[in-house]
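# Observations on the model geometry
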Amino acid sequence: MASDQPSFFTQITARSQSINSLLCVGLDPHRIELSTSPDADEQTLCTAAYQFCTRIIDATHPHCVCYKPNAAFFESLGHAGNETLRRVVDYIHERCPGVPVLLDVKRGDIGSTAQAYAEACYDGLEGEGVTLSPLMGWDSVEPFVTGKYSNKGAFILCKTSNPGSNDLLALPLQQQTTLFEKIATLANEWSQRAESATPSTGNNDPPRLGLVVGATDPQALSMARKAAGPKIWILAPGVGAQGGDLDAACLAGLNEDGTGMLIPVSRGISRANDPGEEARKLKEGINEARKTVLKKRLKCKKSDGDVMIAPYQKEFIEFSLKENVLRFGSFVLKSGRTSPYFFNAGLFSSGSALHKLGKAYAASIMASDQL
């Protein structure tokens, strides 16, 4: 039976819209970042990890769409580490109502084991979403997004940010595609299977599965977005410490509305002198990149079958027609091919004509996606 609670990705969408942000804040209490001595006992480490996380949460929550605690760093603290993670999740729910928790656990197993993992993440730790490995197939993902967990969500590993991801995820398949592109299509297919197994209570809920695609590989990010379509949320790690380019990632991964992608940042925030200010700057930087992407796409957007052109393009075409440089009709070119137009740049012979040509060329360079 489906839960009456908003789904994970419905919460992500609502939170993103309400604060105009695509920032996901990672909570990774590396021991090196904890203010403890090398021989600190387990309780001291756990207390330091809890304080480390709550300090970041207090500073960043106005700018954060969701928090992503990495379970490995808590598990490494000892047997009390799991309880510390649960305390951090509880703190997020109490301190930041409406901000979902994405447990970065990267689980992947089948049958009763997958079910046990789901229970541990949702009943034990009370997260709203998880990260999963999809390589064991649908039955390793199903327990996390169906039945009593139908309001939960998962980001499945698609093309991760580490260089070694190419060893497997970039392998070509017989269908003239790559493994990661196939995984991207499965996010939709499996979301539909989950919906069929346990129908949602909400209207037009987003798909229950998203993708993890590294911002360090914009080409793969673009290919994954194309394969997955506009409704799938993408978690794109790698901006900042791993060297991913924010502008290139946004151009490649944002959907047609300039959303559908979360940018997770951990060390870039936790190691800043002012984590709250750093989170604000990151949010604003992401939003500037979104605006740039939407402006570029608007220039190429089709309306009623006609391509919308930029003002400098319209001015140049009209001038070319006036100077008889551009003509329409039926022209046989030197190659023997027949063309519906003929453009003779050699007719730009006057100083004013060459000035307009240079001006148009410079505007074209400035509008290029390659800058």
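Data block above holds the structure.
The present account deals with the structure reproduced in this document. (Residues numbered from 1 in each chain as written. Predicted model: local features only at pLDDT ≥ 70, side-chain atom pairs only at ≥ 80, totals over all residues. Heavy atoms only, no water.)

### What about a nonpolar patch on the surface?
- A grouping of I317, L321, F328, Y341 and F343 is seen on the molecular surface, where their side chains present a nonpolar patch of about 490 Å² in accessible area.
- Considering the arrangement of structural elements, one finds L321 in helix 12 (residues 311-322). (Patch = residues over 30% accessible without salt bridge, like charges linked within 9 Å, V, L, I, M, F, W, Y side chains within 5 Å. Areas by Shrake-Rupley, 256 points an atom, 1.4 Å probe, with all protein chains shown as cover. Salt bridge = Lys/Arg side-chain N within 4 Å of Asp/Glu carboxyl O. Helix = DSSP H or I, 4+ residues; strand = E, 2+ residues; numbered from the N terminus.)

### Re the pairing of strand 2 (residues 66-69)
- Of the two faces of strand 2, both are covered, the one formed by C66 and K68 as well as the one formed by Y67 and P69.
- Bridge count for strand 1 (residues 23-27) against strand 2 is four bridges, and the pairing is parallel. By the bridge assignment, G26 is partnered in strand 2 with K68. (Buried < 20%, exposed > 50% of the residue type's maximum accessible area, 1.4 Å probe, protein only. Pairing = 2+ DSSP bridges.)

### Remarks on the pattern of salt bridges
- Counting across every chain of the model gives 13 salt bridges.
- Residue K159 pairs with D217 through a salt bridge whose shortest N-O separation is 3.5 Å. One end of the pair, K159, is in strand 5 (residues 153-159); the other, D217, is in the loop between strand 6 (209-213) and helix 8 (218-228), with 58 residues separating them in the sequence.
- On the basis of relative accessibility, which here comes to 3%, the residue K159 falls in the buried class.
- Here R280 makes a salt bridge to E284, at a shortest N to O gap of 2.8 Å. Here E284 and R280 lie together in helix 11 (residues 275-300), a separation of four residues that amounts to about one turn.
- Residue E284 is classed as partly exposed on the basis of its relative accessible area of 40%.
- A cluster of three or more residues bridged by salt bridges with shared partners is formed by K68, D104 and K106.

### A short note on the packing of helix 7 (residues 179-197) against helix 8
- Where helix 7 contacts helix 8, the axes come no closer than 8 Å and their chain directions differ by 35°. Where helix 7 crosses over helix 8, the two elements pack in a sense that is right-handed. Contacts between helix 7 and helix 8 involve F180, E181, A184, T185 and N188 on the former and, on the latter, A220, M223, A224, A227 and A228. (Axes fitted to C-alpha atoms, helices over the stretch in contact; angles between N-to-C directions. Left-handed = near helix turned anticlockwise from the far one by under 90°. Contact = heavy atoms within 4.5 Å.)

### Points about the side chain of E181
- Here E181 lies in helix 7.
- Within polar-contact distance, the side chain of E181 engages the side chain of T177 at 3.0 Å.
- Not counting residues within four places of it along the chain, the set of residues in contact with E181 comprises M223 and A227. (Polar contact = N/O pair within 3.5 Å; in protein donor to acceptor, adjacent residues only side chain to side chain.)

### Considerations on the pairing of strand 1
- By the criterion of burial, strand 1 is predominantly enclosed, with five of the five residues buried.
- Of the two faces of strand 1, both are covered, the one formed by L23, V25 and L27 as well as the one formed by C24 and G26.
- Here strand 1 pairs with strand 8 (residues 261-265) via three bridges, running parallel. Bridge assignment links V25 to a residue of strand 8, and that residue is V265.
- In this view, the connection linking strand 1 to its parallel neighbour strand 2 by way of helix 2 (residues 42-60) has right-handed handedness. (Right-handed = clockwise from strand over helix to strand, strands pointing away.)

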